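Here is how the chains run, residue by residue.
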There are 2 protein chains.
Amino acid sequence: MAGKFMTIREMCDLFDVTPRTLRFYEQKELLAPERTGNRRLFTKRDRARLKLILRGKRFGFSLEDIRQILDLYDPDQNNLPQIKRACKLGTQRLADLEERRKELDEAIQDLRGQLVIGAEMISYAQATAAE
Amino acid sequence: MAGKFMTIREMCDLFDVTPRTLRFYEQKELLAPERTGNRRLFTKRDRARLKLILRGKRFGFSLEDIRQILDLYDPDQNNLPQIKRACKLGTQRLADLEERRKELDEAIQDLRGQLVIGAEMISYAQATAAE
DNA sequence: CGTTATGCTTACGTGAACGTAAGACGGTAC
DNA sequence: GTACCGTCTTACGTTCACGTAAGCATAACG
Ligand SMILES: [Zn+2]
Ligand SMILES: [Zn+2]
Ligand SMILES: [Zn+2]
Ligand SMILES: [Zn+2]
């Protein structure tokens with residue numbers, strides 16, 4: 001079970017990823033699990049970050065893109081310039097996401113329309129065949 | 001200018017892609033431009049498809065994913081089984097997109113919250129520095 | 001206490017989506 | 001007519017995001 005810490009396997013089961021993936025993300029500085037000896041211990045922070053990573057991936061962002069916005073989600077509290085940069089980047093990213101939402105709505109509308117056309121084609125074909 | 005047909009360069013300028021990309025998409029059967037001699041001539045159909053391709057990419061779909069739903073957008077009118085398959089796949093894809101929309105809304109909400117926190121951290125730091 | 005599972009590092013391999021370089025061909029400009 | 005531009009094909013190179021295999025350490029089980 002997992003209270004404070006989780007092993008790599010428990011993380012993999014929970015998020016449906018492979019150990020290789022988690023090690024790779026650590027190498028890319030997207031995750032930073034604790035260690036006991038040399039075994040990784042994943043914390044609540046890692047779980048929150050991984051959730052954000054996987055979400056970002058589903059929207060087509062690169063790991064490098066994601067790494068940059070992750071810094072926004074837990075900035076160094078006594079590094080004011082970094083916080084300001086993170087906020088600026090986050091604001092930019094927010095605009096991106098809202099733009100994406102418009103596109104997504106449009107894509108959904110288009111697809112719905114296309115499905116209607118498809119349904120019409122099917123019923124027309126069946127009516128024709130029934131003559 | 002571009003009436004009915006467009007050269008590869010005109011397509012590239014219009015969609016901000018490289019010739020290599022358009023040739024690659026043709027090779028993968030995502031586009032099928034006409035030819036005059038061996039020069040490609042892109043039609044309205046190609047432009048519509050390319051728009052869908054680039055949209056799909058922005059949402060993290062693979063070219064193979066995209067190729068499958070493209071078939072939905074201009075199915076062979078007298079191939080009923082294909083139309084039915086396309087509709088089924090399109091319905092599935094629509095569910096995907098609606099799921100994505102939920103996730104996207106959540107991401108936007110999260111990011112907004114984080115920006116508020118960031119702004120608070122900044123104003124707090126400035127108030128502390130002003131003492 | 002030995003076997004087995006889990007985890008580690010290191011390193012080479014892989015598939016997707018193009019980039020890039022080389023060489024050839026055809027229209028256009030001067 | 002030739003210099004040049006745009007386009008073509010062919011083919012090897014590259015980046016990203018992991019997969020996979022080898023060899024070794026340690027924890028867990030019976
Ligand atoms: Zn457990
Ligand atoms: Zn990087
Ligand atoms: Zn033109
Ligand atoms: Zn394919």
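Residues numbered from 1 in each chain as written. Chains lettered and ligands numbered in written order. Predicted model: local features only at pLDDT ≥ 70, side-chain atom pairs only at ≥ 80, totals over all residues. Heavy atoms only, no water.

Draft legend 1. Region of interest: the interface of chain B and chain A. Contacts between the two partners involve 38 residues from chain B, matched on the other side by 38 residues from chain A. When chain B packs against chain A, the two sides together hide about 3,900 Å² of surface, and 69% of this comes from carbon and sulfur. The partner of B:Glu98 in a salt bridge is A:Arg112, and the shortest N-O contact between them spans 2.5 Å. Across the contact surface, chain B and chain A share 16 residue pairs in polar contact (both at pLDDT 80 or more). (Contact = heavy atoms within 4.5 Å. Buried area = accessible area lost by both parts, 1.4 Å probe. Salt bridge = Lys/Arg side-chain N within 4 Å of Asp/Glu carboxyl O. Polar contact = N/O pair within 3.5 Å; in protein donor to acceptor, adjacent residues only side chain to side chain.)

Draft legend 2. How the structure looks around unusual backbone geometry. For A:Glu29, which is not glycine, the phi dihedral falls at a positive 65°. Position of A:Glu29 relative to the elements: it lies in the loop between helix H2 (19–27) and strand E1 (34–36). We note that B:Asp16 has phi near 60°; this positive angle belongs to a residue other than glycine. Take B:Asp16: its relative accessible area is 70%, and that puts it in the exposed class. (Helix = DSSP H or I, 4+ residues; strand = E, 2+ residues; numbered from the N terminus. Buried < 20%, exposed > 50% of the residue type's maximum accessible area, 1.4 Å probe, protein only.)

Draft legend 3. Broad picture of the packing of aromatic side chains. Taken as a whole and judged by the stated rule, the model has two aromatic pairs over all chains. An angle of 55° between the planes, with centres 6.4 Å apart, marks the rings of A:Phe24 and A:Tyr25 as tilted. Given the relative accessible area of 29%, A:Phe24 is considered partly exposed. Sitting over the face of the ring of A:Phe5, A:Lys4 holds its NZ or CZ atom 5.4 Å from the ring centroid. In this structure, B:Arg100 is placed above the aromatic ring of B:Phe61, and the distance from its NZ or CZ to the ring centre is 4.7 Å. (Phe/Tyr/Trp six-rings, centres within 6.5 Å; stacked < 30°, edge-to-face > 60°. Lys NZ or Arg CZ within 6 Å of the ring centre and 35° of its normal.)

Draft legend 4. Molecular detail of the domain arrangement of chain A. Residues and elements named next belong to chain A. Taken domain by domain, chain A holds domain 1 (1–61) and domain 2 (72–131). Computed over C-alpha atoms, the centres of domain 1 and domain 2 are 27 Å apart. Listed as interface residues are five residues of domain 1 and, on the opposing side, five residues of domain 2. Across the domain 1/domain 2 interface, buried area totals approximately 490 Å², and carbon plus sulfur atoms make up 54% of it. The three residues of domain 1 that bury the most area against domain 2 are Leu-52, Phe-59 and Phe-61, which together make up 78% of that side's buried surface. On inspection of domain 1 and its partner domain 2, the count reaches two salt bridges. A salt bridge links Arg-45 to Asp-74; its shortest N-O distance comes to 2.5 Å. (Domains from an automatic or database assignment.)

Draft legend 5. Layout of the relation of the copies chain B and chain A. For the pair chain B and chain A, the superposition axis carries a translation of 0.0 Å, the fit reaches an RMSD of 0.1 Å, and the rotation angle comes to 180°. Put plainly, the chains are arranged around a two-fold axis. If distances are taken from each C-alpha of chain B to the rotation axis, the shortest is found for B:Gly60, at 1.9 Å. (Least-squares fit on C-alpha atoms with pLDDT ≥ 70 in both.)

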